[in-house]
Amino acid sequence: MAERPSESFAELLRRLRRDAGITQEELAEATQLSARSISDLERGIIRSPRRDTTRLLADALGLTGKARALQHAAVSLLHD
């Protein structure tokens, strides 16, 4: 995965979901979040997702290694 330093959390989530080949509804089902929440995250309406939410997203997207580290770093920046 190519690192994109200027990529927002919303853009990162959208790209990772699309790369996984799943819809917002499928991601919502896998995380037990609402489809509205996934949509709001991807559109940047929710700008500071909770750590447990991002953990659910990372698990559902099957993120490991560098991808998971990037996701964690993006969330850390939001909460610092």
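Higher on the page you've got the structure.
Note that the structure is a prediction, hence the values are computed from the model and not measured.

Asks: Help me out: how do you make sense of helix H4 (residues 51-60) in this one?
Replies: Side chains that are three or four residues apart share a direction in an α-helix, a result of its 3.6 residues per turn. What H4 keeps buried is the set Thr 53, Thr 54, Leu 57 and Ala 58. Taken around the axis of H4, the buried residues stretch over an arc of 135°, which confines them to a single face. Where H4 ends, the next residue or the one after it, Gly 62, has phi of about 70°, a positive value.

Asks: Would you mind going over the nonpolar core with me for this structure?
Replies: Inside soluble globular proteins, nonpolar side chains tend to come together where they are buried. Within the largest apolar cluster, twelve residues are counted, these being Phe 9, Leu 12, Leu 13, Leu 16, Leu 27, Ala 28, Ile 38, Leu 41, Leu 57, Ala 58, Leu 61 and Leu 63. Elements represented by at least two residues in this core include exactly helix H1 (9-20), helix H2 (24-31), helix H3 (35-42) and H4. Per element, the largest residue contribution to this core is four residues, and it comes from H1.

Asks: Is there a simple way to think about H1 in this case?
Replies: In this model H1 runs 16 Å from its N-terminal to its C-terminal C-alpha over twelve residues, within 8% of the 16 Å that 1.5 Å per residue would give. Taken as a whole, H1 has its buried residues at Phe 9, Ala 10, Leu 12, Leu 13, Arg 15, Leu 16 and Arg 17. Taken from the residues just after H1, Gly 21 is the one with a positive phi, measuring 75°.

Asks: Looking at this structure, I do not really get the side chain of Glu 42. What am I missing?
Replies: Locating Glu 42 in the fold gives a position in helix H3. Discounting chain neighbours no more than four positions away, the residues touching Glu 42 are Ala 10, Leu 13, Arg 14, Arg 17 and Gln 24.

Asks: Any chance you could explain the environment of Leu 13 here in plain terms?
Replies: Examined against the element boundaries, Leu 13 turns out to sit in helix H1. Taking relative accessible area as the criterion, Leu 13 reaches 3% and is therefore assigned buried. Here the alpha-carbon distance between Leu 13 and Leu 57, two residues 44 residues apart in the chain, equals 8.4 Å. Not counting the four nearest positions on each side in its chain, Leu 13 is found in contact with Leu 27, Leu 41, Glu 42, Leu 57 and Leu 61.

Asks: Got a minute to help me understand the pattern of salt bridges in this structure?
Replies: Here the idea is simple: oppositely charged side chains can pair when their charged atoms come close. By the definition in use, this model includes five salt bridges. Arg 15 is the partner of Asp 19 in a salt bridge, and the nearest nitrogen-oxygen pair spans 3.8 Å. A residue pair is termed a helical-turn pair when its members lie 3 or 4 positions apart in one helix, as Asp 19 and Arg 15 do in helix H1 at four residues. For Arg 15, a relative accessible area of 11% corresponds to the buried category. Arg 36 serves as the salt-bridge partner of Asp 40, at 3.5 Å between the closest nitrogen and oxygen. Here Asp 40 and its partner Arg 36 are both found in helix H3, four residues apart, which amounts to about one turn of the helix. Here Asp 40 falls in the buried class, since its relative accessible area comes to 10%. In the salt-bridge network here, residues are joined through shared partners; they are Arg 36, Asp 40 and Arg 43.

Cut-offs and rules
What you see as residue numbers is a count from 1 along each chain, following the sequence as written. For a predicted model such as this one, the threshold for reporting local features is a pLDDT of at least 70, and the threshold for listing and counting side-chain atom pairs is 80 or more; totals across whole chains, interfaces and linings nevertheless cover every residue. Calculated side-chain values reflect all of the structure's heavy atoms, with hydrogen atoms and water omitted. Three labels apply to residues, based on accessible area from a 1.4 Å probe with only protein chains included: buried if under 20% of the type maximum, exposed if over 50%, partly exposed otherwise in between. By the criteria applied, helices consist of DSSP H or I runs no shorter than four residues and strands consist of E runs no shorter than two, each listed in order from the N terminus. Starting at the helix axis, one direction is taken to each C-beta atom, and the arc is that of these directions. Throughout this description, the term nonpolar core refers to a set of buried Ala, Val, Leu, Ile, Met, Phe, Trp, Tyr and Cys residues connected via side-chain atoms within 4.5 Å. A helix's residues, less one, multiplied by 1.5 Å, set its expected span. Contact criterion: two residues are considered in contact whenever any of their non-hydrogen atoms come within 4.5 Å of each other. A pairing counts as a salt bridge when a side-chain nitrogen of Lys or Arg comes within 4 Å of a carboxyl oxygen of Asp or Glu.

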